[in-house]
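Architecture and fold: a report
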Amino acid sequence: MNANDGAIRKVGVVGCGLMGSGIAEVCVRNGLDTLVYEVNGEALESGRGRINQSLARAVERGKLAAADRDAAMAALEFTTDLTDFADRDLAVEAVPEDEELKTGIFATLDRVMLRPDALFASNTSSIPIMKLGAATTRPGQVMGLHFFNPVPVLDLVELVPSLVTTDTAWSRMRHFATDVLGRHVIASQDRAGFVVNSLLIPYLLAAIRMFESGFAVAQDIDEGMVRGCAHPMGPLALTDHIGLDTTLAVAESLYAEFKEPLYAPPPLLSRMVEAGHLGRKAGRGFYAYPAHVAR
Ligand code: 3HC
């Protein structure tokens, strides 16, 4: 058992996709005992490869010593069995934006995590934290901890309490995010999209509608925002980067919550998701990506 000082030392990350792999990387690079769960060996290997690639990039860019990369990879632990989370102080769930999947995981985590003061966080961008909390017997210890992609590069997290998150849980998580992970924290009420996606998603959808209507070609829409507004990437390239499936899921949650037309997914976005054109990770979205670039 850890000393009963409320500090978070043992972290479990559920899911090792785009976001989960970044969260696991940031945890292990900050010296935490980090255990990563995936559904099967294949998904685990692909997640491990993603973390390895990202750490290699950090070394190439001079952000990390090669010895620290090796130490981080050696320290990371992986499992396909959630009962291995028994001793974790904190679980961070980062599976796809599917309410049923997420509530099922929270119910399981509640059963398997034995520390009475364990904290439960979700990287969801759109599903109410209250619904995730209600799937557990400890809703006061559940909150949103929303990272941004690429996680090792973008240092923001949105911290989202539900109506019943306790002050103690909030303070422990805030301390963890700022002082342990070195993140900049902003607070949001428990509303679909929180602060950032409530602003970002309508912008991305507007760009997709513009492209869909033939108003301008993809390159010109993106160049307009990169060169005209100094954004690091244009909205269609950014949608490819986030994943069209994730963008669609967040738009659907926002639309379901607020019923505002600006959140309604354009038909082209739905068709592209149905076609498997999910963006960079699938090698094809608004742009095509050679295998070595898709990551
Ligand atoms: N670890 C640490 N640092 C790294 C790194 C890693 N694995 N990989 C790259 N970096 C650093 C580089 O060293 C560089 O730092 P510097 O500016 O100090 O030199 C910086 O990150 C940029 O890296 P690159 O030169 O490799 O790449 P680009 O300049 O092409 O930038 C990008 C790529 C970071 C993706 C940039 O285009 C960007 O920030 N785009 C916007 C992404 C964005 O908006 N994300 C938010 C999406 S919304 C979201 O996630 C929420 C969800 O719920 C939908």
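None of the values given here were measured: they were computed from a predicted structure. (Residues numbered from 1 in each chain as written. Predicted model: local features only at pLDDT ≥ 70, side-chain atom pairs only at ≥ 80, totals over all residues. Heavy atoms only, no water.)

**Some details on the overall build of the chain**
If you tally the helices and strands in the chain, you get eleven helices and eight strands. Taking 295 residues into account, the globule formula puts the C-alpha radius of gyration at 19 Å, and the chain, at 19 Å, falls close to it. Principal axes of the C-alpha set define a box for the chain whose edges measure 60 × 45 × 35 Å. Taken over 295 residues, the chain has a buried fraction of 49%. For the chain, the share of sequence-separated contacts (at least 6 apart) that also reach a separation of at least 24 residues comes to 66%. With 27 positive and 36 negative side-chain charges, the chain shows a separation of 3 Å between the mean positions of the two kinds. (Helix = DSSP H or I, 4+ residues; strand = E, 2+ residues; numbered from the N terminus. Rg over C-alpha atoms; globule rule 2.2 N^0.38 Å. Buried < 20%, exposed > 50% of the residue type's maximum accessible area, 1.4 Å probe, protein only. Contact = heavy atoms within 4.5 Å. Lys, Arg positive; Asp, Glu negative; His and termini not counted. Charge placed at Lys NZ, Arg CZ, Asp CG, Glu CD.)

**Looking at helix α11 (residues 267-274)**
Along α11, the residues classified as buried are Leu269, Ser270, Met272 and Val273. For α11, the angular spread of buried residues about the axis comes to 165°, placing them on one side. Contacts from the buried residues of α11 go to α7 (194-212) and α10 (244-258). (Arc of directions from axis to C-beta.)

**Concerning the environment of Phe85**
Within the secondary structure, Phe85 is located in the loop between β3 (77-79) and β4 (90-93). For the pair Phe85 and Met130, spaced 45 residues apart in sequence, the C-alpha separation works out to 22 Å. Excluding residues that lie within four positions of it along the chain, Phe85 makes contacts with Gly12, Val13, Val14, Leu35, Tyr37, Thr79, Ala91, Leu109, Val112 and Met113.

**Quick look at the site of the ligand**
Neighbouring residues of the ligand: 21 residues in total, closest Ser54, Arg61, Lys63, His146 and Asn149. The separation between a nitrogen atom of the ligand and a polar main-chain atom of Ser54 is 2.9 Å. Between a nitrogen atom of the ligand and a main-chain N or O atom of Asn149, the distance comes to 2.8 Å. Relative to its unbound accessible surface of 1,100 Å², the ligand loses 69% to contact with the protein. At the level of secondary structure, the elements contributing two or more residues to the shell around the ligand comprise α1 (18-29), α2 (41-60), α7 and α9 (235-242). With three residues, the single largest contributor to the shell around the ligand is α9. (Near = heavy atom within 4 Å. Polar contact = N/O pair within 3.5 Å; in protein donor to acceptor, adjacent residues only side chain to side chain. Areas by Shrake-Rupley, 256 points an atom, 1.4 Å probe, with all protein chains shown as cover.)

**A look at the state of the cysteines**
Enumeration over the complete set of coordinates arrives at zero disulfides. This cysteine, Cys27, is not joined by any disulfide, and Cys16 carries the nearest cysteine sulfur, 11 Å off. Residue classification places Cys27 among the buried positions, given a relative accessible area of 1%. (Disulfide = S-S within 2.5 Å.)

**Section: the pairing of strand β5 (residues 119-122)**
The alternating pattern of β5 places Leu119 and Ala121 on one face and Phe120 and Ser122 on the opposite face, and all of these are buried. Pairing analysis gives four bridges linking β4 to β5, with the strands arranged parallel. Bridge assignment links Leu90 to a residue of β5, and that residue is Leu119. After leaving β4, the chain enters helix α4 (residues 99-112) and then returns to the sheet as β5, a path that is right-handed. Where β5 and strand β6 (residues 142-146) come together, three bridges link them in parallel fashion. Following the sheet pairing, Phe120 is matched in β6 by Val142. (Pairing = 2+ DSSP bridges. Right-handed = clockwise from strand over helix to strand, strands pointing away.)

**Concerning α10**
Here α10 contains 15 residues, and its C-alpha end-to-end distance of 21 Å stays within 8% of the 21 Å for a straight helix at 1.5 Å per residue. Among the residues of α10, those classed as buried are Leu244, Thr247, Leu248, Ala249, Val250, Ala251, Ser253 and Leu254. Along its buried surface, α10 packs onto α7, α9 and α11. Of the residues flanking the end of α10, it is Lys259, one or two places downstream, whose phi is positive at about 55°. (Expected span 1.5 Å × (residues − 1).)

**So, the nonpolar core**
Counting 38 residues, the largest nonpolar core has Val11, Leu90, Leu145 and Met173 as its most contacted members. Take this core: its biggest share by element is six residues, from α1. With residues near it in sequence (within four places) discarded, Met173 still touches Leu90, Leu119, Ala121, Met143, Leu145 and Leu159. In terms of nonpolar packing, the next biggest core, distinct from the first, is built from 25 residues, Ile208, Ile221, Leu244 and Leu278 among them. (Core = buried A, V, L, I, M, F, W, Y, C linked by side-chain atoms within 4.5 Å.)

**Comments concerning the packing of α10 against α11**
When two helices pack together, their arrangement is captured by the angle between the axes and the distance separating the axes. Where α10 contacts α11, the axes come no closer than 9 Å and their chain directions differ by 135°. Accordingly, the angle class assigned to the pair α10 and α11 is oblique. Both α10 and α11 take part in a crossing whose hand is left-handed. Contacts from Leu244, Asp245, Thr247 and Leu248 of α10 reach α11 at Leu269, Ser270, Met272 and Val273. (Axes fitted to C-alpha atoms, helices over the stretch in contact; angles between N-to-C directions. Parallel < 35°, antiparallel > 145°, perpendicular 65-115°, else oblique. Left-handed = near helix turned anticlockwise from the far one by under 90°.)

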